[in-house]
Amino acid sequence: MSIAAHVRGSQVLGIISTSLTEGNFIGKTVGEELRVPTMQDRISKMLDDSDAFIALPSGIGTLEEIFQIASWAQLNIHHKAIVRQIFIFASTAEEMVDKLEDFVYKPDPVAAQID
């Protein structure tokens, strides 16, 4: 997604904790890269510098980040857009794609009250 945004002229900022640079956790960054000391610094910097938030399939850390951003929105710490309407759990990438293809949006009255 960042590559597509960058190619089309959008500003892309990769905020990376130094712990993520040690090992094989991240791929090549497109656009600008900013390294910060800790994961908490990363989420704070993302909140400061982002216009909106979207989480793509990844690991537990991504879920932690999107829940933190969503809870901060609920607490009125920020008013930025969050794409959070689809929660799908799958064992494999193929199962995830199948579930996404079959997905039919149904408004959630509880989630609607969060905004």
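Check the entry above for the structure.
A brief look at the structure comes next.

## Description of the environment of Pro37
In step 1: Mapped onto the elements, Pro37 comes out in the loop between β2 (32-36) and α3 (39-49).
In step 2: Using a relative accessible area of 58% as the deciding quantity, one classes Pro37 as exposed.
In step 3: Between the C-alpha atoms of Pro37 and Ser19, which are 18 residues apart in sequence, the distance is 7.7 Å.
In step 4: Those residues in contact with Pro37 that lie beyond four places of it in its chain are Ser17 and Thr18.

## Observations concerning α3
In step 1: Residues of α3 that are buried: Arg42, Ile43, Met46 and Leu47. All buried residues of α3 lie within an arc of 135° about the axis, which places them on one face of the element.

## Considerations on the pairing of strand β1 (residues 13-17)
Within a regular strand, the side chains alternate between the two sheet faces.
In step 1: Burial runs high along β1: 4 of the 5 residues are buried.
In step 2: Bridge analysis of β1 against β2 gives 5 bridges, and the strand direction is parallel. Among the inter-strand pairings, Gly14 is bridged to a residue of β2, identified as Glu33.

## Some words on a nonpolar patch on the surface
In step 1: On the surface, Met1, Ile54 and Val83 cluster together to form a nonpolar patch covering roughly 320 Å² of accessible area.
In step 2: By the element assignment, Ile54 lies in strand β3 (residues 52-54).

Cut-offs and rules
Residues numbered from 1 in each chain as written. Predicted model: local features only at pLDDT ≥ 70, side-chain atom pairs only at ≥ 80, totals over all residues. Heavy atoms only, no water. Helix = DSSP H or I, 4+ residues; strand = E, 2+ residues; numbered from the N terminus. Buried < 20%, exposed > 50% of the residue type's maximum accessible area, 1.4 Å probe, protein only. Contact = heavy atoms within 4.5 Å. Arc of directions from axis to C-beta. Pairing = 2+ DSSP bridges. Patch = residues over 30% accessible without salt bridge, like charges linked within 9 Å, V, L, I, M, F, W, Y side chains within 5 Å. Areas by Shrake-Rupley, 256 points an atom, 1.4 Å probe, with all protein chains shown as cover. Salt bridge = Lys/Arg side-chain N within 4 Å of Asp/Glu carboxyl O.

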